[in-house]
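Residue strings, one per chain:
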Amino acid sequence: MTFNTTPFIDLIQQRTGITLNDSRIDELEGGVRQRMKATALQSASGYYDLVQHDRIEFFKLVNLFTINETYFFREFLHIQIMARRLIRERMAETAPGNAVRIMSAGCSTGEEPYSLAIAILENYGWDRRGQFSIIGADIDGDAIERAKTGLFTGNSFRSEPFRFSDRYFDAVGRKKYRIKPEIKKMVDFHTVNLTTGPYPDYLSNMDIIFYRNVSIYFSPEVQRRVFRNLADVLKENGYLIMSSTETLSHSFGILNLMEIDGRFIFKKTSPVPLPAEPSVFSNANDSPVFPRVASEFDREPVFQFVGSDDPPPAGADPLMTFETDPVHDAPDEPEPEPEPEPARNYESVIALARQKKYVQALETLNRISDPGPEDNRIALLKAEILINLNRLEDAGAVCRKITEDQPLFMEGHLLAGIIAKQQREMKDAAKCFKRALYVNPSSWLARFHLAEIQQSMFDNARATQGYQTVMQSIESGGYANHGLNLFNASFSMNDIMNLCRLRISQMFTARSANGV
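Residue indices begin from 1 for each chain and proceed along its sequence in written order. Thresholds applied to this predicted model are a pLDDT of at least 70 for local features of residues and 80 or more for the giving and counting of side-chain atom pairs; totals over whole chains, interfaces and linings are not thresholded and use all residues. Derived side-chain values reflect all non-hydrogen atoms in the structure, with water molecules and hydrogen atoms excluded from consideration.

Q: Any chance you could explain the overall build of the protein here in plain terms?
A: Secondary structure assignment for the protein yields 19 helices and 10 strands. Partly exposed describes any residue whose relative accessible area lies between the buried limit of under 20% and the exposed limit of over 50%, with all areas from a 1.4 Å probe on protein chains only and scaled to the type maximum. In the protein, which comprises 516 residues, the proportion classed as buried is 53%. Only carbon and sulfur atoms are counted for the fraction: they give 49% of the accessible area of the protein, which is about 23500 Å². Runs of H or I in DSSP of at least four residues are treated as helices and runs of E of at least two as strands, each being numbered from the N terminus. Only the protein chains shown count as cover for residues, and the accessible areas themselves come from Shrake-Rupley with a 1.4 Å probe.

See the structure below:
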């Protein structure tokens, strides 16, 4: 049975802002058939009439298209920045007796807002939990009901550096854990459609909003509308935090974009426009001074959790090369995945990796016959996947073998530099990027990373020149020639252009502030 899906697509987009593109038509058809069977309706037109008038049934259909991919302490650095920096600032500006208000917009099954609660307890103590109010909001009513139970399986604990601790959870069955009642009371959950405004009063006057990995469902028009709605409920000087891959594409001029500890975060102050043209400086000698501003937080220990002997990994790169928050398959409860047919080329592995099925991608890749030292594509892809699994040492070993076998294989030097940069080995990283540029001077990605290192070392003339060269290369049609398989999953061409302009703008602002 086939039927016209257009009315369903239009209705879902109209009411929720969720855009179902051509690649999801089959998924939509399957979902409609599933709900027709559940409601004992024989025709698609009859079911369409039902979802038009039955709100509960409409959202049962919608819930089939919202992917609740979440786990505790996803993109850990954002939560660390909130706990160690943003909350202290907001507490200083909050009147005595009032709570610091935090929202998880698009909270899914609750891992994110509960992560925020745990981070607050770790930094400020259990006796101060009444000074914070956390709200989880999501359009998926089923996910909200699951979040309210506070019950989780092992798959929710697959992020490092977080380790399960009975300080926060009670074991209630085989591989099942319930959040402590004291933590559960810190979070209120509500079913909310973020695309419609104005929002209810209980979402007003927010100090910090987490809005991560949600906007991917929306069209650009709806993305802007939701961003405006969230900005409206944010207090003056409040913060809005998006995932690293979404942030730059939301620079609408509504909120000010600023960098804190290597992450770009929005703040509700007067917006600072980015330079309209790349030629902010006519030559490299006209570069600004970019001083490092000391902070009281520099002297504090890195945020850790009870029971963890190892410090969390160093702050991630502002420009992550692949997926910005590596996903680790849970060792105690891996998600079942259908076993694919043995791959005959590496395109199938790339497809798996872009679906974040990294373990499966690596297993599939290992079944491909090694084409020999003349073709390092498979080895390069393996290193990229290992990075996404946070196995940097293994990825580095693969890159060393690549460059030893083929010294003129530019991508091997580029990836080795990226690994060294993430490990904070800046001198080694710079050498790798220079080798990559020696082999291929038009590699804008190598030049961008090198410019970031130069900026961090106060070599602002070369950094400015590097960013400008990157923009010129991209504008001349060279964006696709970055040389890596998984890079496109993270940043668009406009994202990179905006990031270069923001870097130059920051240096220009710093120069003006210092009277240089």
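Here the narrative resumes.
Q: I would appreciate a short explanation of the side chain of Thr-403 in the present structure.
A: Of note, Thr-403 is situated in helix 14 (residues 392–405). Residue contacts follow a heavy-atom distance rule, with two residues in contact if any of their heavy atoms lie within 4.5 Å. Apart from the residues within four sequence positions on either side, Thr-403 is in contact with Gly-412 and His-413.

Q: So what exactly am I meant to see when it comes to the packing of helix 12 (residues 358–366) against helix 13 (residues 377–388) here?
A: Angle between the axes and distance between the axes: these two values describe a pair of packed helices. Lines fitted to C-alpha atoms define the axes, with helix axes restricted to the stretch in contact, and inter-axis angles between N-to-C directions lie between 0 and 180 degrees. Running from amino to carboxyl end, helix 12 crosses helix 13 at an angle of 155 degrees, the nearest separation of the two axes being 10 Å. One element, helix 12, and the other, helix 13, form an angle in the roughly antiparallel class. The handedness of the crossing between helix 12 and helix 13 is left-handed. Here helix 12 contributes Tyr-358, Ala-361, Leu-362, Leu-365 and Asn-366 to the contact with helix 13, which in turn contributes Ile-378, Leu-381, Lys-382, Ile-385, Leu-386 and Asn-388. When residues are grouped by polarity, Ala, Val, Leu, Ile, Met, Phe, Trp, Tyr, Cys and Pro land in nonpolar, Asp, Glu, Lys and Arg in charged, and all others, Gly among them, in polar. Of the residues belonging to the contact of helix 12 with helix 13, the class tally is 8 nonpolar, 2 polar and 1 charged. Roughly parallel refers to an angle under 35 degrees, roughly antiparallel to one over 145, roughly perpendicular to one between 65 and 115, and oblique to any angle outside these ranges. Throughout, a crossing is termed right-handed when the near helix is turned clockwise from the far one, and left-handed when it is turned anticlockwise from it by less than a right angle.

Q: I would appreciate a short explanation of the sheet that holds strand 7 (residues 206–210) in the present structure.
A: The pairing of strands in a sheet happens through backbone hydrogen bonds and is either parallel or antiparallel. What makes two strands pair is DSSP finding at least two bridges between them. Ordered in space as 6-2-1-7-8-10-9, the 7 strands form an open sheet in which the pairing is mixed. Two strands in the sheet have a free side with no partner beyond their single neighbour: strand 6 (187–191) and strand 9 (256–260). Between one strand and the next, the sheet's axes are offset by a mean angle of 25 degrees, whatever the strand orientation. Direction of pairing for strand 9 relative to strand 10 (residues 263–267): antiparallel, over a ladder of 5 bridges. Residue pairing across strands places Glu-259 opposite Phe-264, the latter belonging to strand 10. Relative to the sheet, helix 5 (residues 76–92) contacts strand 1 (100–105), strand 2 (132–138), strand 7, strand 8 (234–241), strand 9 and strand 10, its axis offset from that of strand 8 by approximately 170 degrees. Contacts from helix 7 (residues 141–149) reach strand 2 and strand 6, with the element oriented near 165 degrees to strand 6.

Q: How should the packing of helix 14 against helix 15 (residues 410–422) be read in this particular structure?
A: Orientation of helix 14 relative to helix 15, taken along the N-to-C sense of each, is 150 degrees, at an axis distance of 9 Å. The pairing of helix 14 with helix 15 is recorded here as roughly antiparallel in orientation. Considering how the two elements wind past one another, helix 14 and helix 15 form a crossing that is left-handed. Side by side, helix 14 and helix 15 meet where Leu-392, Ala-395, Gly-396, Cys-399, Ile-402 and Thr-403 of the first sit next to Gly-412, His-413, Leu-415, Ala-416, Ile-419 and Gln-422 of the second. Among the residues making up the contact of helix 14 with helix 15, the classes are represented as 7 nonpolar, 5 polar and no charged.

Q: Sorry, what's going on with the pattern of salt bridges here?
A: Pairs can form between side chains of opposite charge once their charged atoms are near each other. Each reported salt bridge corresponds to a side-chain nitrogen of Lys or Arg within 4 Å of a carboxyl oxygen of Asp or Glu. The tally for this structure, following the rule as stated, stands at 14 salt bridges. A salt bridge links Glu-57 to Arg-35, with the nearest nitrogen and oxygen atoms 2.8 Å apart. In this pair, Glu-57 is assigned in helix 4 (residues 55–62) and Arg-35 in helix 2 (residues 25–39), connecting sequence segments 22 residues apart. Here Arg-35 falls in the buried class, since its relative accessible area comes to 13%. With its nearest N and O atoms 3.0 Å apart, the salt bridge here joins Arg-462 to Asp-459. The class for Asp-459 is partly exposed, based on a relative accessible area of 24%. The network of salt bridges with shared partners includes Arg-90, Glu-93, Asp-207 and Lys-235.

Q: How do you make sense of the sheet that holds strand 4 (residues 169–173) when you look at a structure like this?
A: Here we have 3 strands laid out as an open sheet, ordered 3-5-4, and antiparallel in their pairing. Edge positions in the sheet fall to strand 3 (151–153) and strand 4, since each of these pairs with one other strand and no more. When the angles between neighbouring strand axes are averaged without regard to direction, this sheet yields 35 degrees. Bridge count for strand 4 against strand 5 (residues 176–179) is 4 bridges, and the pairing is antiparallel. Residue pairing in the sheet places Asp-170 in a bridge with Arg-178 of strand 5.

Q: In this structure, what is going on with the nonpolar core? I would like to understand it.
A: Soluble globular proteins tend to pack their nonpolar side chains together in the buried interior. Core analysis: the biggest nonpolar cluster contains 103 residues, and Ile-209, Tyr-211, Leu-240 and Ile-385 have the highest contact counts within it. Contact partners of Tyr-211, with chain neighbours within four places excluded, come to Ala-105, Leu-194, Phe-218, Val-226, Leu-230, Leu-240, Ile-241, Met-242, Ser-243 and Glu-246. Core analysis: the next-biggest nonpolar cluster, separate from the first, contains 41 residues, Phe-73, Ala-117, Phe-157 and Tyr-177 among them. Remark: nonpolar core denotes a set of buried residues (Ala, Val, Leu, Ile, Met, Phe, Trp, Tyr, Cys) joined through side-chain atoms within 4.5 Å.

Q: Where do I start with the pairing of strand 2 in this structure?
A: As a general feature of sheets, a regular strand has side chains that alternate between the two faces. A large share of strand 2 lies buried, amounting to 7 of its 7 residues. In strand 2, alternate side chains face the same way, and those of Phe-132, Ile-134, Gly-136 and Asp-138 on one face and Ser-133, Ile-135 and Ala-137 on the other are all buried. Where strand 1 lies against strand 2, 6 bridges are found, and the strand directions are parallel. In the sheet register, Ala-105 faces strand 2, and the bridge partner there is Ala-137. Summarising the sheet, strand 2 and strand 6 pair through 5 bridges and their orientation is parallel. In the sheet register, Asp-138 faces strand 6, and the bridge partner there is Thr-191.

Q: How should the packing of aromatic side chains be read in this particular structure?
A: Centre distance and the angle of the planes are the two values used to describe a pair of aromatic rings. In this scheme Phe, Tyr and Trp rings, the latter by its six-membered ring, pair at centre separations within 6.5 Å, and the angle between planes marks the pair as stacked below 30 degrees, edge-to-face above 60, and tilted otherwise. Applying the stated criterion to the full structure yields 14 aromatic pairs. Residues Phe-72 and Phe-169 carry aromatic rings whose centres are separated by 5.2 Å and whose planes lie at 85 degrees to one another, so their mutual orientation is edge-to-face. One end of the pair, Phe-72, is in the loop between helix 4 and helix 5; the other, Phe-169, is in strand 4, and 97 residues separate them in sequence. When the ring of Tyr-114 is compared with that of Phe-189, the centres are 5.4 Å apart and the planes differ by 65 degrees; the resulting orientation is edge-to-face.

Q: Any chance you could explain helix 15 here in plain terms?
A: Note: α-helices contain 3.6 residues per turn, so residues at a spacing of three or four share the same orientation. Helix span, as expected, comes to 1.5 Å for every residue beyond the first. Over its 13 residues, helix 15 runs 19 Å from end to end, which matches the ideal 18 Å to within 8%, given 1.5 Å per residue. The buried fraction of helix 15 is high, at 13 of 13 residues. Once helix 15 finishes, Arg-424 follows within two positions and takes phi at roughly 65 degrees, a positive value.

Q: Looking at this structure, I do not really get the environment of Leu-121. What am I missing?
A: Note that Leu-121 resides in helix 6 (residues 111–124). Measuring from C-alpha to C-alpha, the distance between Leu-121 and Ile-183 comes to 8.6 Å, with 62 residues separating the pair along the chain. What Leu-121 contacts, discounting residues up to four positions off in sequence, is Trp-126, Arg-129, Ile-183 and Met-186.

Q: How should I be thinking about helix 16 (residues 426–439) in this particular structure?
A: If you check helix 16, its first and last C-alpha atoms are 20 Å apart, about what 14 residues at 1.5 Å a residue would give, namely 20 Å. Turning to helix 16, its buried residues are Ala-429, Ala-430, Cys-432, Phe-433, Ala-436 and Leu-437. All buried residues of helix 16 project into a common sector of 165 degrees when viewed along the axis, lining one side. The exposed residues of helix 16 that point more than 90 degrees off its buried face are Lys-427, Lys-434 and Tyr-438. The secondary structure elements touched by the buried residues of helix 16 are helix 15 and helix 17 (444–456). What the arc describes is the spread of directions from the helix axis to the C-beta atoms.

This is a description of form; function is not addressed.
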